[in-house]
Amino acid sequence: MKYLVLGSIPGFFKKHYILLNITMEDKSNFFLPNNQRFVELDSSQAFNNLTNKEKLYAHYLSKAAWNGGLIVLLQTSPESPKIFSLLHRIFLGEPLDKLKDSALKAGVSEDDFKAFLIYAGGLFANSGNYKGFGDTKFIPNLSKEAFELIVKSSKAYEDDNTHMTKLWQKVQNAIYSLTPRLTSLGLANKGVTTYFSSNCTEEDSNLVNDWMKTKRIEAYICRTFKTTADDGLPLYTIHLASVESSPKPPLTMEKEKYKNAYFQVTRGDYAALLKLANENLAKAMEYAANDNERNMLKHYINSFREGDLNEHKEGSRFWIKDKGPIIETYQGFIETYRDPSGQRGEFEGFVAMVNKEMSKKFGTLVDGAERFIKLLPWGQDLEKDTFLRPDFTSLDVLTFSGSGIPAGINIPNYDEIRQNEGFKNVSLGNVIPAAYKESVIPFLSEEDKKLLEKYRVASFEVQVGLHELLGHGSGKLLRQNADGTFNFDKEKVKNPLTGKQIESWYTEGETYDSKFTTLGSAFEECRAEAVGLYLSLEPEILKIFGYEGQEAQDVTYVNWLSLMWNGTAKATEMYQPSTKTWLQAHARARFVLLRLLQLEGDGLLTVSEPRPGHELLLTLDRHRLATDGKRIIGEFLVKLQTLKATGDSVAAEQLFDRYSRLDEPWSRWRDIVMLHKQPRNIFVQPNTSLKGEEVELIRYPASAEGMVASWVERFPSSTIDDVLEQLADTDSKYFAELESLTAA
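So, how was this worked out
- Here the residue numbers are simple positions, counted from 1 along each chain's written sequence.
- Predicted model: local features are reported for residues with pLDDT of at least 70 only, side-chain atom pairs are reported and counted for 80 or more only, and whole-chain, interface and lining totals are derived from all residues.
- Hydrogens and water molecules were not included; the side-chain quantities draw on all heavy atoms of the structure.
- Strands are runs of DSSP state E lasting at least two residues, helices are runs of H or I lasting at least four, and both sets are numbered from the N terminus onward.
- The globule rule used for comparison is 2.2 Å times the number of residues to the exponent 0.38, while the radius of gyration itself is calculated over C-alpha atoms.
- Burial classes: relative accessible area under 20% of the type maximum marks a residue as buried, over 50% as exposed, and values in between as partly exposed (1.4 Å probe, protein chains only).
- Only heavy atoms matter for contacts: two residues are in contact if any of them lie within 4.5 Å across the pair.
- Surface accessibility follows the Shrake-Rupley procedure with a 1.4 Å probe radius. Residue values consider only the protein chains on display as shielding.
- Charged-residue counts in this description rest on Lys and Arg as positive and Asp and Glu as negative, His and the chain ends being excluded.
- Lys charges are placed at NZ, Arg charges at CZ, Asp charges at CG and Glu charges at CD.
- Between any two strands, at least two bridges found by DSSP are needed for them to pair.
- Lines are fitted to the C-alpha atoms to define the axes, a helix being fitted only along its stretch in contact, and any angle between axes, read from their N-to-C directions, falls within 0 to 180 degrees.
- When an angle is under 35 degrees it counts as roughly parallel; over 145 it counts as roughly antiparallel; between 65 and 115 it counts as roughly perpendicular; any other value is oblique.
- Gly is put with the polar residues, along with every residue not named as nonpolar or charged; the nonpolar set is Ala, Val, Leu, Ile, Met, Phe, Trp, Tyr, Cys and Pro, and the charged set is Asp, Glu, Lys and Arg.
- Here a pair means two rings of Phe, Tyr or Trp (six-membered ring of Trp) with centres within 6.5 Å. Their orientation is stacked below 30 degrees between planes, edge-to-face above 60, and tilted elsewhere.
- A ring is considered to have a charge above it if a Lys NZ or an Arg CZ atom is located within 6 Å of its centre and within 35 degrees of its normal.
- In this analysis, the expected span of each helix is defined as 1.5 Å times one less than the number of residues it contains.

Caption draft 1: Broad picture of the overall build of the protein. Of the regular secondary structure elements, the protein holds 30 helices and 18 strands. Against the compact-globule benchmark of 27 Å for 744 residues, the protein has a radius of gyration of 25 Å, which places it among compact chains. Its C-alpha atoms give the protein principal-axis dimensions of roughly 75 × 60 × 60 Å. Looking at the 744 residues of the protein, the share that counts as buried comes to 63%. Pairs at least 24 apart in sequence give 78% of the contacts found in the protein among residues at least 6 apart. With an accessible surface of roughly 27400 Å², the protein has 48% of that area assigned to carbon and sulfur atoms. The positive charge centre, built from 89 side chains, and the negative charge centre, built from 102, are 2 Å apart in the protein.

Caption draft 2: Structural detail: the pairing of strand E15 (residues 615-620). The side-chain alternation of E15 yields one buried face, formed by Leu 616, Leu 618 and Leu 620, and one unburied face, formed by Glu 615, Leu 617 and Thr 619. Here strand E14 (residues 605-611) pairs with E15 via five bridges, running antiparallel. Residue pairing across strands places Arg 611 opposite Glu 615, the latter belonging to E15. Counting the residues in the hairpin turn of E14 and E15 gives three residues, including Gly 613, whose phi is positive at 80°.

Caption draft 3: Main features of the packing of helix H19 (residues 446-472) against helix H23 (residues 549-569). Viewed as axis vectors pointing N to C, H19 and H23 meet at an angle of 90°, and their least axial separation amounts to 7 Å. One element, H19, and the other, H23, form an angle in the roughly perpendicular class. Seen from H19, the contacting residues are Asp 448, Leu 451, Leu 452, Tyr 455, Arg 456, Ser 459, Val 462 and Gln 463; seen from H23, they are Glu 551, Asp 554, Val 555, Tyr 557, Val 558, Asn 559, Leu 561, Ser 562, Leu 563 and Trp 565. Class assignment for the residues of the contact of H19 with H23 results in ten nonpolar, four polar and four charged.

Caption draft 4: Here's a closer look at the packing of aromatic side chains. Enumeration over the complete set of coordinates arrives at 40 aromatic pairs. Ring geometry for Phe 113 and Phe 116: centres 6.3 Å apart, planes at 35°, overall tilted. Of this pair, Phe 113 and Phe 116 both sit in helix H7 (residues 110-126), separated by three residues, roughly a single helical turn. For the pair shown, Phe 113 and Phe 116 are each scored as buried. On the numbers, 6.2 Å between centres and 75° between planes, the contact of Tyr 119 with Phe 147 is edge-to-face. Linking Tyr 119 in helix H7 with Phe 147 in helix H8 (residues 144-152), this pair joins segments that are 28 residues apart in sequence. Across the pair, exposure class does not vary: Tyr 119 and Phe 147 are buried alike. Sitting above the plane of the Tyr 534 ring, Lys 630 keeps its charged end 5.4 Å from the centroid. If you follow Lys 644 out to its NZ or CZ, it ends over the ring of Tyr 512, 5.1 Å from the centre.

Caption draft 5: Main features of unusual backbone geometry. Put simply, Pro 249 and Pro 250 share a cis peptide bond, and its omega is 5°. The topology assignment puts Pro 250 in the loop between strand E4 (234-241) and strand E5 (253-258). Of note, the amide linkage connecting Ile 411 to Pro 412 takes the cis form, showing an omega dihedral of 5°. Inspection of the secondary structure puts Pro 412 in the loop between strand E10 (408-411) and helix H17 (415-420).

Caption draft 6: Representation of helix H5 (residues 80-93) within the structure. Between its first and last C-alpha atoms H5 spans 20 Å; for 14 residues at 1.5 Å apiece the expected length is 20 Å, and the two agree. Most of H5 is tucked away, with twelve of its 14 residues classed as buried. Residues Ser 80, Pro 81, Lys 82, Ile 83, Phe 84, Ser 85, Leu 86, Leu 87, His 88, Arg 89, Ile 90 and Phe 91 constitute the buried set of H5.

Caption draft 7: Representation of the side chain of Thr 642 within the structure. You can see Thr 642 is positioned in helix H25 (residues 625-646). Residues contacting Thr 642, with those up to four places away along its chain left out, are Leu 382, Asn 495, Pro 496 and Leu 497.

Here you go:
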């Protein structure tokens, strides 16, 4: 689970697909603008303090993460791997200044060339042509004709015009098409996904989910492709990510019939990329600091080689035992935000160094965690029997591969490990200030704006700490074990919402993800955010972070204000009016909390429209936060935790629907929000380079040019493009109907 400066989950759209008329004004919402901000993710100080052995460990872990991270291209859209290949080959072929000279001579304008670089930077940063946070498509802010001129004026085209022409012809329509189905991620005729073949519907997804439950298969490392068997019945192939592709029962399964359809389990997905990741993980093992790290990497390698999720779980067990490492890493198929059914994991890998000063504060928060958890309003019966003391460190990120970089992480996501063995909390310290660089703040009074600017980063560090440790780290799932026993006293424990005995729980083989599916991420993020608000009112907690007296009160107020401002000024960007769908988990969670205070607070929070059609104004009564604010959030937390603990996803949907609908005036206010929309910062990450036995850190300018240079030096050969194209070609038969839409 991640804390995002804003995160993502695609949802199922409504049954009836509403066609959009993409006007030029609408089209502008799909551009990355020419004033797109790039910011450097600087970890140089922490990296330079490492020993050479630690630098070597970090170097090979980073190479593993970057190679594995290319999998996300294949997980995003059918065309993403080939767009990457086209751009990467162009940039490999010659220095940028020469490419620019050739393009300008061919008639491309300065603005168009800049837009080309920004599009490339966006594709590299998001690992595909859909935004990692928001899941909407983005297209180049230059004409298709200008894009083609750049392609054809490149040295790469001159050297191999046959292949480059073929690549361009294959992707050009997919790059630019805004056919409604192609504008966002989703399932079947409601969007684009590669976690399922393009002919799979929500009904197919539910049937696959049912069958996988009967086999006790979790979906983290698989994709599902639907074809037709010889007798005309559907055949669902559950394809596991692994280097090996040969049958290996019980990991793989022969075809069997279930509910008038066939199911089989195969392996070998993303094989070439996982092989590259494993080669670097094996090299990293030589420089590991202890047996926990060596065992962790050994099991990750086994998992990626065999397609065995249990091996990754075993590696995760060694990871949580590795307390306070100098170099922290976690790699694999982790977060389920972008799977339309909320169960399949996107590949990510991070490598980071400990920030000792901030980690001390988080360590003190962990020391008091058992005491602070008792302050939460749902009571002991819905809390874990034993607090599993986690590691909680602040890290400076060296490498983060995937579709975006969060500000905090609470992992592993495996229920049985989190509930019974433990987890780790990570705050990514150098991400937080970088994410807020040059940010504009509309919809607040001047006084609130000044406070937000002053305490934004400070309050966010507090919120991340509470969100990860005491939000995601708290709460029990009520479960019936395989032997029929329960992990709670069925006769004594009462449902806080009804006062009656508990009537629902998790059974063997059920997980939170499999029960809550598409709602799961938003619901859990809302619970964690609410915990952060609730506990940030405690002076003892603020003191841990170094704030007392009036300053502590200001930090608490800004924490609430910042989250509500995000709900007002940012969240509805991630709402799709045509389908009444939220495309982003954290955005929906924050909007729910905003609406909760607005509807239940009797003036505690107000949103007005001082300039109709142009401006909004958010006000929050800071003097009522410790009374009415705490009461409202506390009562809501009892509802959230009770529904999660009992697995009551139906009631959870009803609760969330009430607060996340965009009724008037919010449907109209969203237009005002879109007028003030700002592009998310794109992070330019460094590379490590091996010079003899020494590892050097290579930094890049915070610009589109710097972003491009970092990716060229990260992958200095077109061999990786050959791999990506081959993998995309192998998959293409499962997404043929999407290709026909790109011409529209």
